[in-house]
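Observations on chain architecture
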Amino acid sequence: MNTIFKFIRKLFRIALIANVALFVVFFFDLDGKLLFNVVEPFLKKHYDSMERKDTLKAPYDMDKYPKYDFNS
Amino acid sequence: MAKKTFSKILKDFWYGKPHTAEEGGRRLGELHEDKTHLYKHREWRGVPDTMYYFYNIWLYNYIFMVKDIMVMHGPITFAKGLWRYRWIGQTYLPVLHWFDRGLEGMRGEAMKASAWHYRAMVSTTIRQFQHMFAADTRLNGGRQNDLYRHTIAHNETVWGGVFYPWDGEITNVPLEMIPYFVTCHVNSHTVLNYIDAVQSIGLPGDPCPMCQAEAGIFVLDDVPDYAPAVITCNEACDASVSTSTLQDWFFDKPLFSLPMPMLFDDPLVKDYVKREIEELWKFIEQQYGIPFSWEKLTKKLELQNELQRFEWEKWEVDAKTPYYPINGVAQALYRIYQSQYGDWEIWHVTDRKVRKILEKCVSKKIKTFPQTRHRVIAWSCAPLYYSNWCTWAYNCWGLNVVINMDSLMFDMEIRTDSYEHTLEDMAQYHMWAPMRRMAVGGMHHMFELWDYMKRFNCDMVAMYDQLQCKGVQGLHGLFEDEFRKRDIKAFWIPHALPDSRTVSRAEIRRLINDYMSTVMHEEPLDPSLLDFDDSMTW
């Protein structure tokens, strides 16, 4: 009985700490600050340095597909 | 005195500070950092509303975004897409800040109902990009998997309803709705890469920036290869035709062009569109080898009609009472997303939740926007990078945007009693596409504004002026004349749709401030919102 009570108390304490921590993140917009100052610049750097196919070199294949038969 | 101060502090703590400056005001403009517009701290809305926002909006949506990703093709698919495509990584991570911008200052039922609309849009967005990534040959070692073979790509201006006959067998995923349209609302920086890309290959900078961006995504090779065939649409706009040409070149797939005629409201033109829709169905049958199903079509249309009927109920409350609990930006974005994308389960779930809130507001006579000074109708197409301007306008000036043009375009049910009726109504729906009926649809439809003003009991017009839309630009003077003749209070919002560099958010606010002070001679409700620098914000 005592063990169960202790377990519930521990669980309650963890839930309380998690709630408080999340509320601090929420209230002080720490998620926004992290995304704006760290995550987005990092991802932008990655996307800017990506090698990309030169799409302008793709041929414009006018006759690649069979002629479409318009019935109406 | 001390007792009075203590009681005010206690009241402000429990209910949040009052809206207006005279009452001691909440001064929302002071919550933000300069330039980035990040919060110094999020708004304290009183105990019940702050806790609701924290648990039921902020935490709930983060959890359900993760859940949606887990359920819809999993986190590995998401991670692969995130690493490969700029529009996902740069955009969808700050999605909760898109909620913040739209819901700033909202309280009680208005905050709750508006947030449910945002939740539905997020879920539908996740559904689409996860489907794109799961089917994408680029993320799957060049393999055309089963999902790829059962997916069809199309321009976002093709209504999802034309694919209903293949419901459950072929999934339609619009090409630009996620990589372009939604990104502009969530993070306005992303789209600039694509606009610049298309201009870098020599295209002029003055056509519609929406079309530029949609082509630019292809120029930067940032489109997933997720379907064997594609349907395009001219959107009754020559820039859009050019986009389709570029898409045809870069996508290099069997393509069907579903035209939107320049003329409409003409029986002969409608017959032509009906035939085109039937041709589209034939094209899909040929490409995918799956027959058209009349049962599936009517079943889905009935579900869509259900959504439309609830929309009409909402409009009734909106038009005739002050108890409508959805703010301008949530109303506009949800409606255009839902009506263009077509029927999907999440819309029904959302509508059920919103119905409960709506009924509560009506039965308890809850004034959802108590500081309303003017009931505003917003006309023509809105700036995508500042769709939440109406949240600001309510907080600063008491301008309550009760309805907008985008929401009103598909003001119809689709009959399912016979093939002929269904096809006729579908053709009508197709011709009433976004930015079509009332933006480039001729004077009759553009001037439906006056009827809708009466119907929604509005006393002011927010008139959008898309500077790079040649269709609407020509009618600027006519509107000016009509406003004067009819003695209608109206202000203009110039913008370049997704491109925030042409007319900044600050410039839009300045124009509205000028109108409200010099023409209307009114004082702001919250003076801290008059002038602030958010030039670097998402």
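Look above for the structure.
Only a predicted model underlies this, so the values are computations on that prediction, with no experimental measurement involved.

Attention now goes to the sheet that holds strand S1 (residues 151–154) of chain B. Residue and element names in this part refer to chain B. If you trace the 4 strands from one edge of the open sheet to the other, you get S2-S1-S3-S4, paired in parallel fashion. If you trace the sheet from one side to the other, it starts and ends with strand S2 (171–174) and strand S4 (255–258), each paired once. For this sheet the average axis-to-axis angle between neighbouring strands, irrespective of direction, equals 25°. The pairing of S1 with strand S3 (residues 230–233) spans 2 bridges and is parallel. Looking at the pairing, His-154 lines up with Ile-231 of S3.

Any covalent bond linking the sulfur atoms of two cysteines counts as a disulfide. Residue and element names in this part refer to chain B. Under the defined criterion, the tally for this structure stands at 0 disulfides over all chains. Cysteine Cys-184 shares no disulfide, and the gap to the nearest cysteine sulfur, in Cys-208, comes to 11 Å. Cys-458 provides the cysteine sulfur closest to Cys-390, a residue in no disulfide bond, and the two sulfurs are 13 Å apart. Judged by relative accessible area, Cys-390 falls into the buried class, the value being 8%.

All names here are of chain B. All chains considered together, the criterion is met by 9 cavities of 30 Å³ or more. Each pocket or cavity is described by its volume, and for the largest cavity that value is around 370 Å³. For the largest cavity, the lining is made up of 30 residues, of which Phe-181, His-185, Ile-336, Leu-384 and Asp-406 are closest to its centre. Listing elements by their share of the lining of the largest cavity, those giving two or more residues are helix H8 (177–186), helix H14 (328–341), helix H16 (389–397), strand S6 (399–404) and helix H17 (405–408). No other element matches H14, which puts 7 residues into the lining of the largest cavity. Among the residues making up the lining of the largest cavity, the classes are represented as 21 nonpolar, 7 polar and 2 charged. In this model, the second largest cavity occupies a volume close to 260 Å³.

Residue and element names in this part refer to chain B. Most of helix H10 (residues 209–219) is tucked away, with 11 of its 11 residues classed as buried. The secondary structure elements touched by the buried residues of H10 are H8, helix H9 (190–200), helix H11 (238–251) and strand S7 (460–466). Asp-221, located one to two residues past H10, shows a positive phi value of around 55°.

Residues Lys6(A), Arg9(A), Lys10(A) and Arg13(A) make up a contiguous surface patch of positive charge. By secondary structure assignment, the location of Arg9(A) is in helix H1 (residues 2–27).

The subject of this paragraph is the interface of chain A and chain B. Taken together, the contact pairs 38 residues of chain A with 52 residues of chain B. Run the count over chain A and chain B and you get 4 salt bridges. Notably, a salt bridge pairs Arg42(B) with Asp29(A), separated by 3.5 Å at the nearest N-O pair. Of all the elements in the fold, those that place two or more residues in the side of chain A that touches chain B are H1 and helix H2 (30–48) of chain A. Looking at which element gives the most residues to the side of chain A that touches chain B, the answer is H2(A), with 14 residues. Looking at the side of chain A that touches chain B residue by residue, the class counts come to 20 nonpolar, 7 polar and 11 charged.

Here we take up the packing of aromatic side chains. Within the structure shown, the criterion is met by 52 aromatic pairs over all chains. With centroids separated by 6.5 Å and ring planes inclined at 70°, the aromatic side chains of Tyr60(A) and Trp249(B) adopt a geometry described as edge-to-face. In this pair, Tyr60(A) sits in the segment after H2 while Trp249(B) sits in helix H11, so the two residues belong to two different chains. A network of ring pairs unites the aromatic residues Phe23(A), Phe26(A), Phe27(A), Phe28(A), Phe13(B), Trp44(B), Tyr53(B), Phe54(B), Tyr55(B), Trp58(B) and Tyr62(B) as a single cluster. One residue, Arg45(B), lies across the ring of Tyr53(B), its end atom 4.2 Å from the ring centre. A cation sits over an aromatic face here: Arg509(B) above Phe532(B), 3.8 Å from the ring centre.

With that settled, consider helix H18 (residues 419–431) of chain B. Residues and elements named next belong to chain B. Along its 13 residues, H18 runs 18 Å from first to last C-alpha, staying within 8% of the 18 Å computed at 1.5 Å per residue. The complete set of buried residues in H18 reads Thr-422, Leu-423, Asp-425, Met-426, Ala-427, Gln-428, Tyr-429, His-430 and Met-431. Those residues of H18 that are buried lie in contact with S3, S4, helix H12 (267–288), helix H13 (294–320) and H14.

The rules we used
- Within any chain, residue numbers begin from 1 and follow the written order of that chain's sequence.
- Chains carry letters and ligands carry numbers; both start at the beginning, A for chains and 1 for ligands, and go up in the order they are written.
- Note on the predicted model: pLDDT of at least 70 is required for a residue's local features to be given, and 80 or more for side-chain atom pairs to be given and counted; whole-chain, interface and lining totals, by contrast, use all residues.
- Only heavy atoms go into the side-chain values, all of them from the structure, while hydrogens and water stay out.
- For two strands to be treated as a pair, DSSP must find no fewer than two bridges joining them.
- A run of H or I in DSSP becomes a helix once it reaches four residues, and a run of E becomes a strand once it reaches two; helices and strands are each numbered from the N terminus.
- In this analysis an axis means a line fitted to C-alpha atoms, helices contributing only their contacting stretch, and an angle means the value between N-to-C directions, from 0 to 180 degrees.
- Any two cysteine sulfur atoms lying within 2.5 Å of each other are counted as a disulfide.
- Residue burial is assigned from relative accessible area. The probe radius is 1.4 Å, only protein chains are included, and a residue is buried under 20% of its type maximum, exposed over 50%, and partly exposed in between.
- Here the term cavity refers to a set of points on a 1 Å grid, laid over the protein atoms alone, in which a 1.4 Å probe fits but cannot get out; the term pocket refers to an open set having protein on both sides within 12 Å along at least five of seven lines, with lining residues being those that place an atom within 4 Å of a point.
- Grid points are joined across faces, edges and corners, and a volume is the space filled by probe spheres set on the points.
- Side-chain classes are defined by residue name, with Ala, Val, Leu, Ile, Met, Phe, Trp, Tyr, Cys and Pro counting as nonpolar, Asp, Glu, Lys and Arg as charged, and the others, Gly among them, as polar.
- Throughout, a residue-residue contact means that at least one pair of heavy atoms, one from each residue, lies within 4.5 Å.
- The patch calculation keeps residues exceeding 30% relative accessible area without a salt bridge and links them within 9 Å when they carry like charges or within 5 Å when they are nonpolar (Val, Leu, Ile, Met, Phe, Trp, Tyr).
- Areas reported here follow the Shrake-Rupley algorithm with a probe of radius 1.4 Å; residue values treat only the protein chains shown as occluding.
- A carboxyl oxygen of Asp or Glu within 4 Å of a side-chain nitrogen of Lys or Arg is what we treat as a salt bridge.
- Residues scored as positive are Lys and Arg, those scored as negative are Asp and Glu, and His as well as the terminal groups of each chain are ignored.
- Here the site of a charge means atom NZ of a Lys, CZ of an Arg, CG of an Asp or CD of a Glu.
- Stacked, edge-to-face and tilted are the three classes for Phe, Tyr and Trp ring pairs, Trp counted by its six-membered ring, which pair at centre distances within 6.5 Å; planes under 30 degrees apart are stacked, over 60 edge-to-face, the rest tilted.
- Charge over a ring is defined by NZ of Lys or CZ of Arg lying within 6 Å of the ring centre and within 35 degrees of the ring normal.
- A helix is expected to span 1.5 Å for every residue after the first.

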